[in-house]
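Report on the structure
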Amino acid sequence: MKKDTLIKILAVIMALTIVITLASCSAKNGGPEVIEVTDENGEVVTDANGDPVTELVDFEDDSTSASGEAVTAEKQTEGGTTTAGGNGGDGKTTTTAAGGNEDKTTEKTTEKTTQETTTEKPKKRDVSVTIRMPNKNKADSKLTIMYRVAGESEYTRLDPIDVKLDGNEQTFDVDSIKGTVKVVIRLSGCDIYKDNNNDTSAVVIKSNENHGYIEPVIGIENIDGGWD
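Since the model is a prediction, treat every value here as computed from it, not as a measurement. (Residues numbered from 1 in each chain as written. Predicted model: local features only at pLDDT ≥ 70, side-chain atom pairs only at ≥ 80, totals over all residues. Heavy atoms only, no water.)

On a plain count of helices and strands, the protein comes out with 1 helix and 14 strands. Put simply, the protein has 228 residues, and 24% of those count as buried. For the protein, the accessible area works out to roughly 16600 Å², and carbon and sulfur atoms hold 48% of it. (Helix = DSSP H or I, 4+ residues; strand = E, 2+ residues; numbered from the N terminus. Buried < 20%, exposed > 50% of the residue type's maximum accessible area, 1.4 Å probe, protein only. Areas by Shrake-Rupley, 256 points an atom, 1.4 Å probe, with all protein chains shown as cover.)

So, in structure tokens, the structure goes:
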């Protein structure tokens, strides 16, 4: 009698060992799992020999969703979970913040931006000036044109030109000049109005311009006289 009891105990132990081993293997493989049948009170149901009654339950593989699509592997990182691309890899990285429900997807793109900085240096250009001659009964006069390039201290003086003070406009070539330039004129026999606020005998031609216009006012005594 004692012998039969011992055999039954050994059989139960072996059965439990087999069940536990199968359950462990099933859990690892994600395939069917053998479990013990329990009653409504949670007690294991046994057969006539006292062995636990078991059944084979097919659990869904963790690596496959209900639709049959592969589930991407997850890597736990500090502050969230990063899921690598599945289904052949779409090159995206999805990051879920810890405790949050939203996924922020960032596509890795390489964008090359080339910025060109161009500094345009002043170029030499032919500068000219148009002068409306004062109307002084077509009197003869000599026109002297002078110019000073920005950054220089002295004027360059051109040879005097014979003109008539007839109220008409005339255009004169100055020189081939680089940069901003101030052009000043003098008319013999005329006092051209000039003070600190209004110099009717001069014009400033910027480096991106090539022409200036002067309309001198005469008949008024030169207030300050002299050159700049």
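Okay, the pattern of salt bridges next. Applying the stated rule across the entire model yields 4 salt bridges. Between arginine 132 and glutamate 169 there is a salt bridge whose closest N-O contact spans 3.1 Å. Residue arginine 132 is located in strand 7 (residues 125-132), and its partner glutamate 169 is located in strand 11 (residues 169-177); the two are separated by 37 residues in the primary sequence. Assessed through its relative accessible area of 43%, glutamate 169 is described here as partly exposed. One salt bridge in this structure joins aspartate 140 and lysine 164, with 2.7 Å as the shortest N-O distance. In this pair, aspartate 140 is assigned in strand 8 (residues 135-149) and lysine 164 in strand 10 (residues 161-166), connecting sequence segments 24 residues apart. (Salt bridge = Lys/Arg side-chain N within 4 Å of Asp/Glu carboxyl O.)

As a further point, take unusual backbone geometry. Phi is positive for asparagine 137, which is not a glycine, with a value near 55°. As for its placement among the helices and strands, asparagine 137 is situated in strand 8. Among the residues examined, asparagine 137 registers a relative accessible area of 75% and is labelled exposed. Backbone geometry places lysine 138, a non-glycine residue, at a positive phi of 60°. Within the fold, lysine 138 resides in strand 8.

Another point: the nonpolar core. Val129, Ile131, Met133, Leu143, Ile145, Tyr147 and Leu187 are the most contacted members of the largest nonpolar core, which has 23 residues in total. Contacts of tyrosine 147, omitting those with residues within four sequence positions, involve Glu154, Tyr155, Thr156, Leu158, Val174, Asp175, Ile177, Val181, Lys182 and Val183. (Core = buried A, V, L, I, M, F, W, Y, C linked by side-chain atoms within 4.5 Å. Contact = heavy atoms within 4.5 Å.)

On to the sheet that holds strand 14 (residues 211-214), then. On the basis of which strands lie adjacent, the open sheet formed by 3 strands has the order 11-7-14 and mixed pairing. Every interior strand has two partners, whereas the edge strands, strand 11 and strand 14, have only one. Each strand axis lies, on average, 20° off the axis of its neighbour in the sheet, ignoring direction. Inspection of the sheet shows strand 7 paired to strand 14 by 4 bridges, in the parallel sense. Residue pairing across strands places valine 129 opposite glycine 212, the latter belonging to strand 14. (Pairing = 2+ DSSP bridges. Axes fitted to C-alpha atoms, helices over the stretch in contact; angles between N-to-C directions.)

Structurally, the position occupied by aspartate 51 is in the loop between strand 1 (32-36) and strand 2 (54-58). Look at aspartate 51 and you get buried, because its relative accessible area is 19%. Non-local contacts of aspartate 51, meaning those with residues more than four positions away in its chain, are made with Ala11, Val12, Val45 and Thr46.

Okay, the environment of valine 34 next. Among the structural elements, valine 34 can be located in strand 1. Between the C-alpha atom of valine 34 and that of glutamate 55, which follows or precedes it by 21 residues, the distance is 5.6 Å.

As a further point, take the side chain of serine 128. Secondary-structure assignment places serine 128 in strand 7. At 2.8 Å, the side chain of serine 128 and the side chain of histidine 211 are in polar contact. If we skip the residues at most four places from it in the chain, serine 128 touches Thr171, Phe172, Asp173, Val174, Ile205, Asn210, His211 and Gly212. (Polar contact = N/O pair within 3.5 Å; in protein donor to acceptor, adjacent residues only side chain to side chain.)

Here we take up a nonpolar patch on the surface. Judged by side-chain polarity, Leu6, Ile9, Leu10 and Ile13 come together as a nonpolar surface patch covering roughly 370 Å² of accessible area. Counting through the fold element by element, isoleucine 9 comes out in helix 1 (residues 2-29). Exposure remark for isoleucine 9: the relative accessible area of 45% places this residue in the partly exposed category. (Patch = residues over 30% accessible without salt bridge, like charges linked within 9 Å, V, L, I, M, F, W, Y side chains within 5 Å.)

Looking at the element boundaries, serine 188 is found in the loop between strand 12 (181-187) and strand 13 (202-205). Classification of serine 188 as partly exposed rests on a relative accessible area of 36%. Once you skip the residues sitting within four places of it in the chain, serine 188 turns out to touch Ser141 and Lys142.

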